[in-house]
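Overview (structure and organization)
Residue strings, one per chain:
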Amino acid sequence: MNIAVIGAGALGCLFGGHLAVAGHDVWLLHRREQIANTLSAAGISIHRDDDPPLAAGINATATASDVGTADLVLVLVRAHQTPTALAEHAACIGPETLLLSLQNGLRNYDYLLDQVGRERAFCGVTYEAAITKEPGTIIHTSTGLTTFGGSSVGARTTIQETFAEAGFNVNTVTDPRPVIWEKGALVGATAPVLTLTGCPVTHLPTDPLDEVVTQLLTEADHVATSQGIDIDVETIQQTIASMTESHAEHRVSMVQDIEHGRRTEIDELNGVIIDLGKTADIAVPINKHVTALIHGVEQCS
Ligand SMILES: NC(=O)C1=CN([C@@H]2O[C@H](COP(=O)(O)OP(=O)(O)OC[C@H]3O[C@@H](n4cnc5c(N)ncnc54)[C@H](O)[C@@H]3O)[C@@H](O)[C@H]2O)C=CC1
Ligand SMILES: CC(C)(CO)C(=O)C(=O)O
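Conventions used here
Residues numbered from 1 in each chain as written. Chains lettered and ligands numbered in written order. Predicted model: local features only at pLDDT ≥ 70, side-chain atom pairs only at ≥ 80, totals over all residues. Heavy atoms only, no water. Helix = DSSP H or I, 4+ residues; strand = E, 2+ residues; numbered from the N terminus. Phe/Tyr/Trp six-rings, centres within 6.5 Å; stacked < 30°, edge-to-face > 60°. Buried < 20%, exposed > 50% of the residue type's maximum accessible area, 1.4 Å probe, protein only. Lys NZ or Arg CZ within 6 Å of the ring centre and 35° of its normal. Core = buried A, V, L, I, M, F, W, Y, C linked by side-chain atoms within 4.5 Å. Domains from an automatic or database assignment. Contact = heavy atoms within 4.5 Å. Near = heavy atom within 4 Å. Polar contact = N/O pair within 3.5 Å; in protein donor to acceptor, adjacent residues only side chain to side chain. Areas by Shrake-Rupley, 256 points an atom, 1.4 Å probe, with all protein chains shown as cover. Nonpolar A, V, L, I, M, F, W, Y, C, P; charged D, E, K, R; others polar. Pairing = 2+ DSSP bridges. Axes fitted to C-alpha atoms, helices over the stretch in contact; angles between N-to-C directions. UniProt positions renumbered as here; feature names shortened; annotations may be inferred. pLDDT = per-residue confidence, 0-100. Buried area = accessible area lost by both parts, 1.4 Å probe. Salt bridge = Lys/Arg side-chain N within 4 Å of Asp/Glu carboxyl O.

Position of alanine 292 relative to the elements: it lies in helix H11 (residues 285–300). When the C-alpha atoms of alanine 292 and glycine 271 are compared, they prove to be 9.7 Å apart, with 21 residues separating the residues in sequence.

The structure is reproduced here in structure tokens:
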């Protein structure tokens, strides 16, 4: 397959690297030509535990037309960067190109649907986790399930098989919205708490963090219900509890954003919960407070 990955960050290198090693023609789309040239020349390197690093030769470019027409475009920029990134790299999206997002955020499926319509848009979530050490060198901190969905069964199966052959554990569903909301609620409840407190993932289920996490989850659940989406707070809490082992070494994306002085994805997570809560007349005071506090941290970091 000719696969373009928009966003050569932690997850872009993780998925792109494994897909390249599995034999696909993978192109990383980077914003900066100079870094793209370095990635093309040096390849990427994926570090996991004490294993020898996985080296992957890869094509990288800042010019989407270099890719030709991609069979699959994997979108892995920060959620708020999605519409701009899709417009910028539209040259590799042809009339049959499939689009897949595995980003965090509650609006990514809508962005992809706007771009290519129902038959070619696929969206989901991943519990794989990675941190960038330097451009093209990443630490794969945790492995985990990837779940995505979309209308076309044939295309879904092709994408699932492609990722499974590259070593990923992948599930598919028809309607991706419940899994997107389940992970959106989880990240919206945990990432701001970890970012504001500086606590590691292992602290999440302990007092007093767990009370705030539960309040944030409960508000997200009420808003999801108003959208006709059923999420299970208890299941999410169990996932959070399991992350204290599976993600003990990981610094969540929002913490990484603040460490690098970048804008966080808070507006694509808790911000969406606030907006939809307003429309549906559902009070979400804790989401409003943490969103305001994260905006404050963004201004001062
Ligand atoms: N890092 C992780 O462990 C996980 C991340 N996620 C989600 O996956 C998404 C990607 O996360 P990361 O890889 O950590 O982000 P990252 O910040 O490491 O990488 C994003 C990359 O996109 C690039 N970019 C931004 N705009 C661009 C554009 N217009 N064209 C080309 N490149 C552009 C940035 O320069 C950056 O290199 C986020 O939504 C994140 O929340 C989900 C699960 C785990
Ligand atoms: C849930 C987690 C930690 C990765 O699986 C994540 O999505 C993040 O780092 O933001």
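The discussion continues.
Once that is clear, we can look at the packing of aromatic side chains. The geometry of an aromatic ring pair comes down to the distance between the two centres and the angle between the two planes. Per the stated rule, a full pass over the model turns up four aromatic pairs. Between the aromatic rings of phenylalanine 122 and phenylalanine 148, the centroid separation amounts to 6.4 Å while the plane-to-plane angle is 80°, which identifies the pairing as edge-to-face. With phenylalanine 122 in strand E8 (residues 121–126) and phenylalanine 148 in strand E11 (residues 146–149), this residue pair connects regions lying 26 residues apart in the sequence. An angle of 50° between the planes, with centres 6.2 Å apart, marks the rings of phenylalanine 163 and phenylalanine 168 as tilted. Residue phenylalanine 168 is classed as buried on the basis of its relative accessible area of 7%. Put simply, the rings of Phe15, Phe163 and Phe168 pair up and form one aromatic cluster. One residue, lysine 183, lies across the ring of tyrosine 127, its end atom 4.9 Å from the ring centre.

Here we take up the nonpolar core. The biggest cluster of nonpolar side chains holds 60 residues, and the ones touching the most others in it are Val73, Cys92, Trp181 and Leu217. The leading source of residues in this core is helix H6 (residues 177–197), at nine residues. Built from parts of two domains, this core gets at least three residues from each of domain 1 (2–174) and domain 2 (178–300). With near-sequence residues (within four places) excluded, leucine 217 lies in contact with Ala185, Leu186, Ala189, Val233, Ile236, Gln237 and Ile240.

Let us now look at the site of ligand 2. Around ligand 2 lies a shell formed by Asn104, Thr126, Tyr127, Glu128, Ala129, Lys183, Met243, His247, His250, Val252 and Ser253. One nitrogen or oxygen atom from the side chain of serine 253 is found 2.7 Å from an oxygen atom belonging to ligand 2. The fraction of the free accessible surface of ligand 2 (290 Å²) that becomes covered by protein chains is 95%. Looking at side-chain class alone, the shell around ligand 2 contains four nonpolar, five polar and two charged residues.

The next point concerns the sheet that holds strand E10 (residues 137–142). An order of E4-E3-E10-E9 is seen for the four strands of this open sheet, with the pairing classed as mixed. Every interior strand has two partners, whereas the edge strands, strand E4 (54–56) and strand E9 (129–134), have only one. For this sheet, the mean inter-axis angle between neighbouring strands, taken without regard to orientation, is 25°. Sheet topology note: the strand E3 (residues 44–47)/E4 ladder contains three bridges and is antiparallel. Across the sheet, the residue bridging to serine 45 is alanine 55, located in E4.

Let's shift gears to the pairing of strand E1 (residues 2–6). Looking down a regular strand, the side chains alternate between one sheet face and the other. In terms of residue burial, E1 counts as a mostly covered element, since five of its five residues are buried. By the alternation rule, side chains of E1 split into Asn2, Ala4 and Ile6 and Ile3 and Val5, which are all buried. Strand direction decides the pairing type here: E1 and strand E2 (residues 25–29), joined by five bridges, are parallel. Paired with valine 5 across the strands is leucine 28, a residue of E2.

This part covers the UniProt feature "domain: Ketopantoate reductase C-terminal" (unreviewed entry) in the protein. In this numbering, the UniProt entry assigns the feature "domain: Ketopantoate reductase C-terminal" (unreviewed entry) to residues 178–298. Spanning residues 178–298, this segment combines 69% helix with 0% strand, and its end C-alpha atoms are found 29 Å apart.

A few words now on the confidence of the model for the protein. The share of residues in the protein with pLDDT of 70 or more is 100%, and the mean pLDDT across the chain is 97. The ipTM for the predicted assembly is 0.98, set against a pTM of 0.97.

Right, let's talk about the domain arrangement of the protein for a bit. We note that the domain assignment places domain 1 (2–174) and domain 2 (178–300) within the protein. Centre-to-centre, using C-alpha coordinates, domain 1 lies 24 Å away from domain 2. On the side of domain 2, 26 residues touch domain 1, which itself brings 22 residues to the contact. Of the roughly 2,200 Å² buried where domain 1 meets domain 2, counting both sides, 57% is carbon and sulfur surface. Contact with domain 2 buries surface across domain 1, with Arg78, Leu106 and Tyr127 losing the most and accounting together for 33% of the total. Viewed at the interface, domain 2 and domain 1 are joined by two salt bridges.

Summed over all chains, the structure comprises seven salt bridges. In this structure, arginine 177 and aspartate 175 form a salt bridge, with 3.3 Å as the shortest nitrogen-oxygen distance. The partly exposed category is assigned to arginine 177, whose relative accessible area is 37%. Note on aspartate 175: relative accessible area 36%, which makes it partly exposed. Residue arginine 262 pairs with aspartate 257 through a salt bridge whose shortest N-O separation is 2.9 Å. Classification of arginine 262 by relative accessible area gives partly exposed; the value is 35%. Residue aspartate 257 is classed as buried on the basis of its relative accessible area of 1%. A single salt-bridge network, built from bridges that share partners, covers Arg78, Asp257 and Arg262.

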